[in-house]
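Understanding the architecture of this molecule
These are the residues of each chain, in order.
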Amino acid sequence: MKSTQYSDKVMEHFQNPRNVGTLEGENVAVGRVGNPTCGDLMEMFVRIEDDRIENIKFRTFGCGSAIATSSMITEMVKGKTIEEAKRITRQDVADELDGLPAIKMHCSNLASRALHEAIREYEKGEGEEVESTTQIPCQKVPIEGLEEFIGKGLYREVENLEELKDKRILIVHRDDSSIEMAIKLTGYSDRVVLMTCADTFQTTEDLEKALEESSVKLLRESQLLGVTGEFEVEKAKIRDLDDDDEYELFTDAVVIGK
């Protein structure tokens, strides 16, 4: 497949998406995810009965392939057990669509992650212990550009939040102070991204709720590899630990903590 070519299946699901909408009522859970790289947002609603996905709906603000992948995954999982649905990956969805352009995988295929997030929310509501699927702790890797860009858009800490007003901000999660900083910065910018190498943010219930209610975009299973720019930070180089792939995110400021 060419880098910009869509399959007939992608086009068909884009033009005639299945299961668009929302669900309410008992046994309904919602997974919300976004991709800061291109601004796609996705919500997946699942109704679970007797450990099976009885119904599923979605709505998304994104490109054509984001719509197509959402539509396809709803067709794939309806009637499946929770455990069967958990095993579905973004590559499975892409394969069902006869492939996606490589350059669209990051921006479009949020569907599997939204589904897994919805299941996670359901299991939390049932009082089940939700096991983190990321077994590998954050590995310490040297950050390219660390010495060169400190004070030029790369911060250990931010004392004057006004400095970051209206900027695109990436915060690397270290502890609860990173979450608190991200939430505070939403008062200065509507483009705040909080990134963790884990698949969830381990924090207090109060902070978790505040984070969910904030406009902070969350980037899970991702690791900062470096920063680049001509004079100041312009891009962050990120590894997607889920796909073991690398990409660049346009940003004006990166906060990495001490």
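Residues numbered from 1 in each chain as written. Predicted model: local features only at pLDDT ≥ 70, side-chain atom pairs only at ≥ 80, totals over all residues. Heavy atoms only, no water.

A few points about the sheet that holds strand 8 (residues 222-228)
The condition is simple: Should DSSP find at least two bridges between two strands, the strands are taken to pair. To qualify as a helix, a DSSP run of H or I must reach at least 4 residues; to qualify as a strand, a run of E must reach at least 2; elements of each kind are numbered from the N terminus. Interaxial angle, 0 to 180 degrees, is taken between N-to-C directions of lines fitted to C-alpha atoms, where a helix line uses only the stretch in contact.
Spatial strand order, 8-9-10: three strands in an open sheet with antiparallel pairing. Of all strands in the sheet, those bounded by a partner on one side alone are strand 8 and strand 10 (245-250). Each strand of the sheet is rotated relative to its neighbour by a mean of 30 degrees, with strand direction disregarded. Direction of pairing for strand 8 relative to strand 9 (residues 235-240): antiparallel, over a ladder of six bridges. Residue pairing for strand 9: Ser 222 is matched across the bridge by Asp 240.

Concerning the pattern of salt bridges
Quick note on the threshold: We define a salt bridge as a side-chain nitrogen of Lys or Arg found within 4 Å of a carboxyl oxygen belonging to Asp or Glu. Only protein chains enter the accessibility calculation, which uses a 1.4 Å probe. A residue is then buried if its area is under 20% of the maximum for its type, exposed if over 50%, and partly exposed in between.
Counted under the stated rule, the structure contains 14 salt bridges. Here Glu 12 ties to Arg 18 by a salt bridge, and the two come within 2.7 Å at their closest N and O atoms. For Glu 12, a relative accessible area of 31% translates into the label partly exposed. The structure contains a network of salt bridges with shared partners spanning Glu 144, Lys 237, Arg 239 and Glu 246.

Some words on the confidence of the model for the protein chain
Going by this rule: pLDDT expresses how confident the predictor is about each individual residue, on a scale running from 0 to 100. In what follows, a contact means two residues having at least one pair of non-hydrogen atoms within 4.5 Å.
Predicted confidence across the protein chain gives a mean pLDDT of 85, with 87% of residues reaching 70 or more. Looking across the protein chain, the model is least confident in helix 5 (residues 105-108), with a mean pLDDT of 61, and most confident in strand 11 (residues 253-255), with 95. Across residues 132-136, where pLDDT falls below 50, the model places six contacts with residues more than four positions away in sequence or in other chains.

So, the sheet that holds strand 11
The strand order 4-11-5-6-7 describes an open sheet built from five strands, whose pairing is parallel. The outermost strands of the open sheet, each flanked by one partner alone, are strand 4 (154-155) and strand 7 (217-219). Here helix 8 (residues 176-185) sits on the sheet in contact with strand 5 (169-172) and strand 6 (192-195), set at roughly 165 degrees to strand 5.

Describing the nonpolar core
What tends to happen in soluble globular proteins is that the nonpolar side chains get buried as a cluster. Put simply, the rule reads: Nonpolar cores were defined as sets of buried Ala, Val, Leu, Ile, Met, Phe, Trp, Tyr and Cys residues, with membership established by side-chain atoms within 4.5 Å.
Ranked by size, the top nonpolar core spans 30 residues in total, and within it Met 42, Met 44, Ile 73, Val 77 and Leu 115 carry the most contacts. For this core, the elements supplying multiple residues, two or more each, are strand 1 (28-35), strand 2 (40-49), strand 3 (52-61), helix 2 (64-77), helix 3 (82-86), helix 4 (90-96) and helix 6 (111-125). Non-local contacts of Met 44, meaning those with residues more than four positions away in its chain, are made with Ala 29, Val 30, Gly 31, Ile 56, Lys 57, Phe 58, Ile 73, Thr 74, Ala 111, Ala 114, Leu 115 and Ala 118.

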